[in-house]
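# Structural description and commentary
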Amino acid sequence: MRTNPTTSPPGVSTIEEKSTGRIDQIIGPVLDVTFPPGKLPYIYNALVVQSRDTTDKQINLTCEVQQLLGNNRVRGVAMSATDGLMRGLEVIDTGAPLSVPVSGLLSDEFSTFLGSLLTIWVL
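The sections below set out a description of the structure shown in this document. Remember, predicted model here, so these are calculated numbers, not experimental data. (Residues numbered from 1 in each chain as written. Predicted model: local features only at pLDDT ≥ 70, side-chain atom pairs only at ≥ 80, totals over all residues. Heavy atoms only, no water.)

### A short note on the pattern of salt bridges
Rule in force here: Salt bridges are defined as contacts in which a side-chain nitrogen from Lys or Arg sits within 4 Å of a carboxyl oxygen from Asp or Glu. Helix and strand assignments come from DSSP, with helices taken as H or I runs of at least 4 residues and strands as E runs of at least 2, each series counted from the N terminus. Buried residues are those whose accessible area, probed at 1.4 Å on protein chains only, stays under 20% of the maximum for their type, while exposed residues exceed 50% and partly exposed ones sit between those limits.
Counted by the stated rule, this structure contains four salt bridges. Between arginine 73 and aspartate 32 there is a salt bridge, and its shortest N-O distance comes to 3.1 Å. Of this pair, arginine 73 sits in strand 5 (residues 73-78) while aspartate 32 sits in strand 2 (residues 30-34), placing them 41 residues apart in sequence. With relative accessibility at 2%, the residue aspartate 32 sits in the buried group. A salt bridge links arginine 52 to aspartate 56; the nearest nitrogen and oxygen atoms lie 3.8 Å apart.

### Quick look at the sheet that holds strand 6 (residues 90-97)
Applicable threshold: Pairing between strands is defined by DSSP: at least two bridges between the two strands are required. Axis angles are defined between N-to-C directions and span 0 to 180 degrees, where every axis is a line fitted to C-alpha atoms and, for a helix, only to the segment in contact.
Pairing in this closed barrel of six strands is antiparallel, and the strands run 1-2-5-4-3-6 around the ring. Put simply, the sheet's adjacent strands are angled 45° from each other on average, direction ignored. Judged from the five bridges that link them, strand 2 and strand 5 form a sheet pairing that is antiparallel. Within the sheet, the bridge partner assigned to valine 30 lies in strand 5 and is valine 77.

### What about the pairing of strand 2?
Summarising the sheet, strand 1 (residues 20-27) and strand 2 pair through five bridges and their orientation is antiparallel. For isoleucine 23, the partnering residue across the bridge sits in strand 2 and is valine 33. If you look at the hairpin formed by strand 1 and strand 2, you'll find two residues sitting between the two strands, and glycine 28 has a positive phi there, around 60°.

### Things to note about unusual backbone geometry
Here the phi dihedral of asparagine 71 falls at roughly 55°; this positive angle occurs in a residue that is not glycine. Following the sequence through the fold, asparagine 71 ends up in the loop between strand 4 (58-70) and strand 5. Overall, the relative accessible area of 73% leaves asparagine 71 in the exposed class. Unusually for a residue other than glycine, asparagine 72 sits at a positive phi of about 60°. Checked against the element boundaries, asparagine 72 lands in the loop between strand 4 and strand 5.

Spelled out as structure tokens, the structure:
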């Protein structure tokens, strides 16, 4: 059973087995991904691709589910460049929407929407 971490009462486990799918089609920043029957991610869930391309360069891509296409397929939009992606690469459903880490201690450093720190220099 899937639980929503923002509405679950205290003590309810939000840990679940992450489902994996495979990339079917790539058109610019748009990915079509097939998942096993009954394991489709929810709309707005974050999907992660972690692999290596043909030149052995690390691929670490996050995308967001935008549409359920039917036939166990979803359409997602990538949050960074899709260079090096190939059909058949494994995609992991995180089981949660994209999130931004928040801290009150950031003075001249800001978090990008994927969590990387960005330092701002004021002249």
